[in-house]
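# Structural characterization, general
One letter stands for each residue in the lines below.
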Amino acid sequence: MTLLDGYNTAKKLNHELKLEIDKWKGLKKPTLAIIHIGNNAASLSYIKGKISAAEKVGIETKLIHLKDQISQKEVEDNILILNNDPQIDGIILQLPIPKHLNKDRLIDLISIDKDADGFHTFHQGLLYQSRETMVPATPLGIMLLLETYNIKLNGLKAVVIGRSNIVGSPVSRLLQDAGATVTICHSKTKDISAYTKDADIVVAAVGIPKFLKADMVKKDVIIVDVGINKVEGKLIGDVDFEHVSKIASYMTPVPKGVGPMTIHALLKNTVKLYVNTMKKRNSI
Ligand code: NAD
């Protein structure tokens, strides 16, 4: 089994991104604003990871920390300020956000020119038309990882478990665009094994530790484990790594698989927005 090493792949790709950013020395630095509402512990740790990776490649970050009980209007005002701030190239709203807030409305308020997560309906719409767009970070990171290992998806049978707007659905679309025949399984699917056993590649984005077991996949399957589940203080994926790794041809570990690639993709998206903006201003 070949490990799809997201950690070292992201390190290499981040270094390449740094070299690109270094070319613009003397100009305004690419800048990512992160809106964090409340005190979700997992979010705090993801944000720390994003800030530290951004700093290493030369992307500035601005963290806007808002209190749990903030009103919809106040969050919207914060987004509008960032939309109009010429220093800011990318904006992300760290999810999840408190239930009393209208998430869709907030995401769609982010300027399409600054939508670093690609969650805006405009970008999602382009994605589902297979057009050039801002691709959400996790699906983009997965595709870059598969590309790095020269995994050809054309003609493969792919099964994606999970249909969320941030992982399952967009990655399904990208796999389809890459030539795979894609089946999407979800919480209402009956007998998931019937689909996964036939799959050449399985992407698991469920959020249930060790959901995918060895008897649910065929020999030489390619496994992308997106899941991040904290169990007794340890990070566990959606795939039973110990047993499935004995059957798979390629497989991502958890941690150090999809996670670092997601962060790389976010940085890459930020730089893409920066370049677009700087070109519009005739600055590069
Ligand atoms: P989500 O909760 O929005 O979606 C989960 C999906 O799993 C849903 O579409 C649901 O239909 C499906 N599902 C739930 N129970 C199921 C079952 N019993 N059988 C089949 N399908 C079932 O989650 P998400 O945001 O898509 O994230 C999924 C996992 O990926 C989580 O563990 C999350 O922490 C992780 N994640 C990791 C990264 C990363 O960078 N590695 C990024 C985003 C999410």
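Here's a quick rundown of the structure.

What counts, and where the lines are drawn
- Residues numbered from 1 in each chain as written.
- Predicted model: local features only at pLDDT ≥ 70, side-chain atom pairs only at ≥ 80, totals over all residues.
- Heavy atoms only, no water.
- Pairing = 2+ DSSP bridges.
- Helix = DSSP H or I, 4+ residues; strand = E, 2+ residues; numbered from the N terminus.
- Contact = heavy atoms within 4.5 Å.
- Axes fitted to C-alpha atoms, helices over the stretch in contact; angles between N-to-C directions.
- Near = heavy atom within 4 Å.
- Polar contact = N/O pair within 3.5 Å; in protein donor to acceptor, adjacent residues only side chain to side chain.
- Areas by Shrake-Rupley, 256 points an atom, 1.4 Å probe, with all protein chains shown as cover.
- Parallel < 35°, antiparallel > 145°, perpendicular 65-115°, else oblique.
- Nonpolar A, V, L, I, M, F, W, Y, C, P; charged D, E, K, R; others polar.
- Expected span 1.5 Å × (residues − 1).
- Buried < 20%, exposed > 50% of the residue type's maximum accessible area, 1.4 Å probe, protein only.
- Arc of directions from axis to C-beta.
- Patch = residues over 30% accessible without salt bridge, like charges linked within 9 Å, V, L, I, M, F, W, Y side chains within 5 Å.
- Salt bridge = Lys/Arg side-chain N within 4 Å of Asp/Glu carboxyl O.
- Right-handed = clockwise from strand over helix to strand, strands pointing away.

## Re the sheet that holds strand 1 (residues 2-3)
- Pairing within the open sheet is parallel, and its 6 strands lie in the order 1-11-8-7-5-6. Unpaired on one side and paired on the other, strand 1 and strand 6 (181-185) mark the two borders of the sheet.
- One ladder, built from 2 bridges, connects strand 8 (residues 222-225) with strand 11 (residues 250-251); its direction is parallel. Paired with Ile-222 across the two strands is Tyr-250, which belongs to strand 11.
- Against the sheet, helix 7 (residues 168-177) makes contact with strand 5 (157-161), strand 6 and strand 7 (201-204), and its axis sits at roughly 170° relative to strand 5, the strand it touches most.

## A short note on the environment of Val-206
- Following the sequence through the fold, Val-206 ends up in the loop between strand 7 and strand 8.
- Once the C-alpha coordinates of Val-206 and His-186 are considered, the two residues, 20 residues apart in sequence, prove to be 8.0 Å apart.
- Not counting the four nearest positions on each side in its chain, Val-206 is found in contact with Ile-161, Phe-211 and Asp-238.

## Re the site of the ligand
- Around the ligand sit 22 residues, and of these Arg-163, Ser-164, Ser-187, Val-226 and Thr-262 come closest.
- Between Ser-164 and the ligand, the recorded distance is 2.6 Å, taken from a side-chain N or O atom to an oxygen atom.
- His-186 is positioned such that a nitrogen or oxygen atom in its backbone is 3.5 Å from a nitrogen atom of the ligand.
- In the complex, the protein chains occlude 71% of the 850 Å² of accessible area that the ligand would expose alone.
- Among the elements that line the shell around the ligand, the one with the most residues is helix 10 (residues 258-280), at 3 residues.

## Quick look at the packing of helix 6 (residues 137-148) against helix 10
- Relative orientation of the contacting elements helix 6 and helix 10 amounts to 110°, with a least axis distance of 7 Å. Put simply, helix 6 runs roughly perpendicular to helix 10. Across the interface between the two elements, Ala-137, Thr-138, Leu-140, Gly-141, Ile-142, Leu-144 and Leu-145 from helix 6 touch Val-258, Met-261, Thr-262, His-264, Ala-265, Leu-266, Lys-268 and Asn-269 from helix 10.
- Split into classes, the residues belonging to the contact of helix 6 with helix 10 amount to 9 nonpolar, 5 polar and 1 charged.

## Looking at helix 1 (residues 6-22)
- If you check helix 1, its first and last C-alpha atoms are 24 Å apart, about what 17 residues at 1.5 Å a residue would give, namely 24 Å.
- What helix 1 keeps buried is the set Gly-6, Thr-9, Ala-10, Leu-13, Asn-14, Leu-17 and Ile-21. Looking down the long axis of helix 1, one finds its buried residues gathered within 130° of arc, a one-sided arrangement.
- Here helix 1 starts with a cap whose side-chain oxygen sits 3.1 Å from the backbone nitrogen of Tyr-7, and that cap is Asp-5.

## Focus on a nonpolar patch on the surface
- Nonpolar side chains collect at one region of the surface, where Met-1, Leu-3 and Phe-241 lie side by side and expose about 260 Å² of accessible area between them.
- Looking at Phe-241, the relative accessible area reads 33%, which means it is partly exposed.

## Re helix 6
- With 12 residues, helix 6 should cover 16 Å at 1.5 Å per step; its first-to-last C-alpha distance of 16 Å lies within 8% of that length.
- Counting buried positions along helix 6 gives 10 out of 12 residues, so the element sits mostly inside the fold.
- Listing the buried residues of helix 6 in full gives Ala-137, Thr-138, Pro-139, Leu-140, Gly-141, Ile-142, Met-143, Leu-144, Leu-145 and Leu-146.
- In the core, the buried residues of helix 6 are packed alongside helix 1, helix 7, strand 7, strand 8 and helix 10.
- In the segment just after helix 6, Asn-150 is the residue with positive phi, at about 60°.

## Topic: the pairing of strand 2 (residues 31-37)
- Most of strand 2 is tucked away: 7 of the 7 residues are buried.
- Here strand 2 shows a buried face lined by Thr-31, Ala-33, Ile-35 and Ile-37 and a second buried face lined by Leu-32, Ile-34 and His-36.
- Summarising the sheet, strand 2 and strand 3 (residues 60-66) pair through 7 bridges and their orientation is parallel. Bridge assignment links Ala-33 to a residue of strand 3, and that residue is Lys-62.
- With helix 2 (residues 41-57) bridging strand 2 and the parallel strand 3, this β-α-β connection has right-handed handedness.

That is the geometry; function is a separate question.
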